[in-house]
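Chain residues, written in single-letter form:
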Amino acid sequence: GGGSWTVDYPEAEYHFTMGVGRLTRVDIGKQARMLRVTDDAIFDYPWLYAVEVGRWYLDDTEAARLREYLLRGGFLMVDDFWGDNEWDNFYAGFKQVFPNRELVELPLEHPVFHCVYDLKEKPQVPAIGMAQAGRASGVTYERADAREPHYKACYDDKGRMMMIVCHNTDLGDGWERE
């Protein structure tokens, strides 16, 4: 309901935690926790979710802390950023975190698209207003430069996925309206 990172808060977080509890045996609690990446408490949580990263600005301390978190076994999912300009800004921040790593596009055959449900296409979830406006025409994107959803990953040296990047989609909006 707010702006920036609070855009889908708190409904998306609430519904997501309920869904994880319903679909798995993982108990992640009942309430989301908002933390700064510089907070030592991030190391108590194996999974972080960040939205609106097309506008993120990391200083050197934040980039170093996020790198440490990921290399120590943490996982980051980024979501809800659209188009070329937001991609460019996100990618500049990503390169601050990992100057020597690249993001890899995930093919539809990747297990992430088949572990709970067997997805037949990469999902693209627009904001509710765009979904309602595009219902008749089948439009699922929010901007002309964001027609195709992209799912990319960053891996550690052992081939473990550390980060999933959900670009040109807003999965959190789907959770919010779940």
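The following refers to the structure shown. The structure displayed is predicted, hence computed values, not measured ones.

## What about the side chain of Thr-169?
Point 1. One can find Thr-169 in the loop between strand S5 (161-167) and helix H5 (171-176).
Point 2. By relative accessible area, Thr-169 is classed as buried at 0%.
Point 3. When residues no more than four places from it in sequence are discounted, the contact partners of Thr-169 are Asp-79, Asp-80, Phe-81, Trp-82, Pro-123, Gln-124, Val-125 and Tyr-151.

## Focus on the nonpolar core
Point 1. Formed by 23 residues in total, the largest nonpolar core has its most connected members in Leu-66, Leu-70, Phe-90, Leu-103, Met-163 and Val-165.
Point 2. Mapped by element, the contributors of at least two residues to this core are helix H2 (60-71), strand S2 (75-79), helix H3 (83-97) and S5.
Point 3. Apart from the residues within four sequence positions on either side, Met-163 is in contact with Leu-70, Phe-75, Leu-76, Phe-90, Phe-94, Leu-103, Lys-152, Ala-153 and Cys-154.
Point 4. Counting 12 residues, the second largest nonpolar core, distinct from the first, contains Ala-12, Phe-113, Tyr-151 and Met-161.

## Concerning the pattern of salt bridges
Point 1. In total, this model carries 13 salt bridges according to the counting rule given.
Point 2. Note that Arg-101 is salt-bridged to Asp-157, the shortest N-O span being 3.1 Å. Of this pair, Arg-101 sits in the loop between H3 and strand S3 (104-105) while Asp-157 sits in the loop between strand S4 (150-155) and S5, and the two are 56 residues apart along the sequence.
Point 3. The exposure class of Asp-157 is exposed, given its relative accessible area of 71%.
Point 4. Between Arg-160 and Asp-156 there is a salt bridge, with the nearest N and O atoms lying 3.1 Å from each other.

Rules and cut-offs
Counting restarts for each chain: residues are numbered from 1 in the order of the written sequence. With pLDDT at 70 or above as the cut-off, local features in this predicted model cover only qualifying residues; side-chain atom pairs require 80 or more to be listed or tallied, and sums for whole chains, interfaces and linings still use all residues. Calculated side-chain values reflect all of the structure's heavy atoms, with hydrogen atoms and water omitted. By definition, any uninterrupted DSSP run of H or I lasting at least four residues is a helix, any uninterrupted run of E lasting at least two residues is a strand, and each is numbered from the N terminus. Under the scheme applied here, a residue whose accessible area is under 20% of the maximum for its type counts as buried, over 50% as exposed, and between as partly exposed, the area being computed with a 1.4 Å probe on protein chains only. We call two residues in contact whenever any of their non-hydrogen atoms come within 4.5 Å of each other. Residues belong to one nonpolar core when they are buried, are Ala, Val, Leu, Ile, Met, Phe, Trp, Tyr or Cys, and are joined through side-chain atoms within 4.5 Å. By definition here, a salt bridge exists when the distance from a side-chain nitrogen of Lys or Arg to a carboxyl oxygen of Asp or Glu is within 4 Å.

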